[in-house]
Amino acid sequence: MNSLIGQQLQGGKYTLEAELGRGGFGITFKATHHFLGQTVVIKTLNESLRYEPDYADYQRKFQDEARRLALCVHPNIVRISDFFVEAGQAYMVMDYIPGPNLEALVFPNKPLAEAIAIHYARQIGNALKVVHQNGLLHRDIKPQNIILRQGTQDVVLIDFGIAREFTPGSTQTHTSLISAGYAPIEQYLSQEQRTPATDVYGLAATLYALLTARMPTASILRDRQPLPDPRELCPELSAATNQAVIRGMAVEVQYRPASMDEWLALLPSPSAIGSTPIPPLFQPVVESTRTAATLAVGRRAEGQSSPARAARSPVATVAPRAPARAGTNSPSTTRRTLPILLGLMLLTMLGTASIAIFYKPQPSNQLTLEPSAPSPSPSPSIEASPKTASPKPSPKLTETPKVERSPSPSPSVESEEKAEDQPTTAVPTIPGFPPGTSEGDIKAALGEPTSKAEKGFWNNTRTALYEVVPNKVTLGYIYDRNSGNVRQTEASFAQSVDSLQMKVALNNMTGGQANDLLDKLEAVKQRKTNEYTFTKGNLKGIIQRNDRDRIYIGVWDADLHN
């Protein structure tokens, strides 16, 4: 897409000057509006999507994003000024906002004064009220998506790439794209009730980061890793601000303020904080110039098109819930949270072993949790490349080389590899996809596959393999060659991967239908059985321990193996 730099659009009205941000879905450019003599930001779809069979659908989604953004008119929301299609490519024009984003302002060790942090939080909170009034959730509130307009005390919310419509009180399917540390537990699940409390959590977590210069513990891990109160890290904070952050970051949605107004009411007034007034011009020296231009469709920015790259951006470490405190969480809450956590952790950790993309039949001689019925489905396996097989081939997993990874610097996710016999506690966030998902959606989240084959084992299929975490997790997809949609989705985990994360993967792979399967997965993990097969509507699947001592999950269209 660098070939676009220098290109003129709309008959010379705009010239693309420099690339500002790039993701799996979108790319943003700094551009010149020649008629007005202004600098603007122009966003367009990633050129790689042009060759996808669902390209027209991506154009529609891109246009939907522009419409959503255009609906939300507020001084603290980036303004869209134009939208057009030229040579089959859609373009969105937005205001250019010079200045650093709040992540660059605060991290790694420059927490903001309480009055200033609250001043910014109030502005974004008021902007989100407009978003919610238009029936939208932003779903990606974090310091990186808030720009401090140069020479002012005004902040601007950007990146509506994963914003979605919501209907209060109803269960809706949303993509489980998240920014770990800033996303509430319910956002990890593809099917859940959607409410403004999702953005309340994101803004409260953002305030936590601004006050402490520390990444909040990710919601999915907070039953095991405590989230320190802001006041524990910054004893000078007022009790009211501390409580507002804790309430806004309650793990379970029913303990959070239900609306942005309710949460903003918890924040103390400037006079109550007892600190010096906000300076009229607060201009910290920061090199970053991320602007509204850096918003990337699909949540990734500046080259973050794969989980490995995503780990470099500020994502939170996740912590278990601290001892129950009034208005937050209790033991019963933990029990209620667990099913949700199940649905979430696909995104935070996926094990190792190479995935086979080629489900090949073989006689099943393994145990099953179904009392009197032998396993009806052949036992699948994942391999890096297809093999020309005899009638009943016996697939094998391809070993992936062990890769040593050093911890990511703050404020990135801590993702050091641990010994195989120790559970890993932090891994790049990875979405799971059920059959029917388009290849473009998967590439937007995971980037280009580690390996692929144009001919799959099954008729009219092709395959893609993602080595998500070396020696820990591999994901595989069998695509229909005509539609480009997933026919079979697979995951292979090392034994050391946390079982909760496997359960999240299973839940997402089945489209949120895994409630009665979670105990079966645990039984395989605990070596109480070696295999369990299941049927869910028009899906079939298997959970098994394979001959590499890896835990394999496969979910496929019921008619795929006919």
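Residues numbered from 1 in each chain as written. Predicted model: local features only at pLDDT ≥ 70, side-chain atom pairs only at ≥ 80, totals over all residues. Heavy atoms only, no water.

1. A closer look at the overall build of the protein chain
Regarding its fold elements, the protein chain presents 13 helices and 19 strands. Burial status across the protein chain gives 61% buried among its 562 residues. A sequence separation of at least 24 residues applies to 66% of the contacts in the protein chain between residues at least 6 apart. Within the structure as shown, the protein chain displays about 21000 Å² of accessible surface, and the carbon and sulfur contribution to it stands at 50%. (Helix = DSSP H or I, 4+ residues; strand = E, 2+ residues; numbered from the N terminus. Buried < 20%, exposed > 50% of the residue type's maximum accessible area, 1.4 Å probe, protein only. Contact = heavy atoms within 4.5 Å. Areas by Shrake-Rupley, 256 points an atom, 1.4 Å probe, with all protein chains shown as cover.)

2. As for the UniProt feature "binding site: ATP" (unreviewed entry) in the protein chain
Under the local residue numbering, the UniProt record ascribes the feature "binding site: ATP" (unreviewed entry) to Lys43. Of note, Lys43 is situated in strand β4 (residues 38-45). Of the residues examined, Lys43 reaches a relative accessible area of 0% and is grouped as buried. (UniProt positions renumbered as here; feature names shortened; annotations may be inferred.)

3. Section: the sheet that holds strand β14 (residues 461-469)
As summarised here, the arrangement of the 7 strands in space is β13-β14-β15-β16-β19-β18-β17, forming an open sheet in which the pairing is antiparallel. At either end of the open sheet lies a strand with only one pairing partner, and these are β13 (451-453) and β17 (531-536). Adjacent strand axes in the sheet meet at a mean angle of 10°, parallel and antiparallel pairs treated alike. (Pairing = 2+ DSSP bridges. Axes fitted to C-alpha atoms, helices over the stretch in contact; angles between N-to-C directions.)

4. Points about the side chain of Ser219
Mapped onto the fold, Ser219 is located in the loop between α4 (197-212) and α5 (230-233). Take Ser219: its relative accessible area is 1%, and that puts it in the buried class. Within the structure, Ser219 has its side chain in polar contact with the backbone oxygen of Ala183 (distance 2.8 Å). (Polar contact = N/O pair within 3.5 Å; in protein donor to acceptor, adjacent residues only side chain to side chain.)

5. Some thoughts on the pairing of strand β5 (residues 80-86)
Along any regular strand, the residues point their side chains to alternate faces of the sheet. Pairing analysis gives 6 bridges linking β5 to strand β6 (residues 89-95), with the strands arranged antiparallel. Along β6, the bridge assignment pairs Phe83 with Met92. Remark: 2 residues form the turn of the hairpin made by β5 and β6, two consecutive strands paired antiparallel; Ala87 in that turn has positive phi of roughly 55°.

6. Here's the deal with the packing of aromatic side chains
With the rule as written, the count across this model stands at 7 aromatic pairs. Relative to Tyr91, the ring of Phe84 lies with its centre 5.2 Å away and its plane at 25°, an arrangement referred to as stacked. Neither Phe84 nor Tyr91 differs from the other in exposure class; each is buried. Look at Tyr466 and Tyr477: their rings are 6.1 Å apart centre to centre, the planes differ by 75°, and that puts the pair in the edge-to-face class. With Tyr466 in strand β14 and Tyr477 in strand β15 (residues 473-480), the pair connects residues that are 11 residues apart, well separated along the chain. Exposure remark for Tyr466: the relative accessible area of 4% places this residue in the buried category. Given the relative accessible area of 1%, Tyr477 is considered buried. Among the aromatic residues, those joined into a cluster by ring pairs are Phe433, Tyr466, Tyr477 and Tyr479. (Phe/Tyr/Trp six-rings, centres within 6.5 Å; stacked < 30°, edge-to-face > 60°.)

7. Points about the pairing of strand β3 (residues 26-33)
Burial analysis of β3 places 6 of its 8 residues in the buried class, which makes it a mostly covered element. Bridging between strand β2 (residues 14-22) and β3 involves 7 bridges; their strand directions are antiparallel. Within the sheet, the bridge partner assigned to Thr15 lies in β3 and is Thr32. Summarising the sheet, β3 and β4 pair through 8 bridges and their orientation is antiparallel. Among the inter-strand pairings, Gly26 is bridged to a residue of β4, identified as Leu45. Where β3 hands over to β4, the hairpin turn is made up of 4 residues, of which Gly37 adopts a positive phi near 65°.

8. Overview of the packing of α4 against helix α6 (residues 239-248)
Two elements in contact, α4 and α6, have axes separated by 8 Å at closest approach and are oriented at 140°. By the angle class used here, α4 and α6 are oblique. Regarding α4 and α6, the two cross each other, and that crossing is left-handed. Contacts between α4 and α6 pair Val200, Tyr201, Ala204, Leu207, Tyr208 and Leu211 from the former with Thr241, Val245 and Gly248 from the latter. Class assignment for the residues of the contact of α4 with α6 results in 7 nonpolar, 2 polar and no charged. (Parallel < 35°, antiparallel > 145°, perpendicular 65-115°, else oblique. Left-handed = near helix turned anticlockwise from the far one by under 90°. Nonpolar A, V, L, I, M, F, W, Y, C, P; charged D, E, K, R; others polar.)

9. Focus on the packing of helix α12 (residues 499-509) against helix α13 (residues 518-525)
Contact geometry of α12 with α13 gives a least axis separation of 10 Å together with a crossing angle of 135°. Classified by the angle their axes make, α12 and α13 are oblique. Considering the relative orientation of α12 and α13, their crossing is right-handed. Side by side, α12 and α13 meet where Ser499, Met502, Lys503 and Leu506 of the first sit next to Leu518, Leu521, Glu522 and Lys525 of the second.

10. Some details on α13
For α13, the full list of buried residues reads Leu518, Leu521, Ala523, Val524 and Lys525. Looking at the residues trailing α13, positive phi occurs at Arg527, about 65°.

11. Overview of the pattern of salt bridges
Applying the stated criterion across every chain, the model contains 18 salt bridges. The salt bridge involving Glu439 is made with Arg462; its shortest N-O contact spans 2.7 Å. One end of the pair, Glu439, is in helix α11 (residues 439-446); the other, Arg462, is in strand β14, with 23 residues separating them in the sequence. In terms of burial, Glu439 and Arg462 fall into one category: buried. In this structure, Asp559 and Arg487 form a salt bridge, with 2.7 Å as the shortest nitrogen-oxygen distance. In this pair, Asp559 sits in the segment after β19 (551-557) while Arg487 sits in strand β16 (residues 486-493), placing the two residues 72 residues apart along the sequence. Residue Arg487 is classed as buried on the basis of its relative accessible area, which comes to 17%. (Salt bridge = Lys/Arg side-chain N within 4 Å of Asp/Glu carboxyl O.)

12. A few points about unusual backbone geometry
Each neighbour pair has its own omega, and for Phe107 with Pro108 the value is 10°, a cis peptide bond. Relative to the helices and strands, Pro108 is located in the loop between α2 (102-106) and α3 (114-133). Although it is not a glycine, Ala213 sits at a positive phi angle of roughly 55°. Turning to its location among the elements, Ala213 is positioned in the loop between α4 and α5.

13. Focus: α6
In an α-helix, one turn spans 3.6 residues, which is why side chains three or four residues apart end up on the same side. For α6, the full list of buried residues reads Thr241, Asn242, Ala244, Val245, Ile246 and Gly248. Turning to α6, the residues buried within the fold contact α3, α4, α5 and α7 (260-264).

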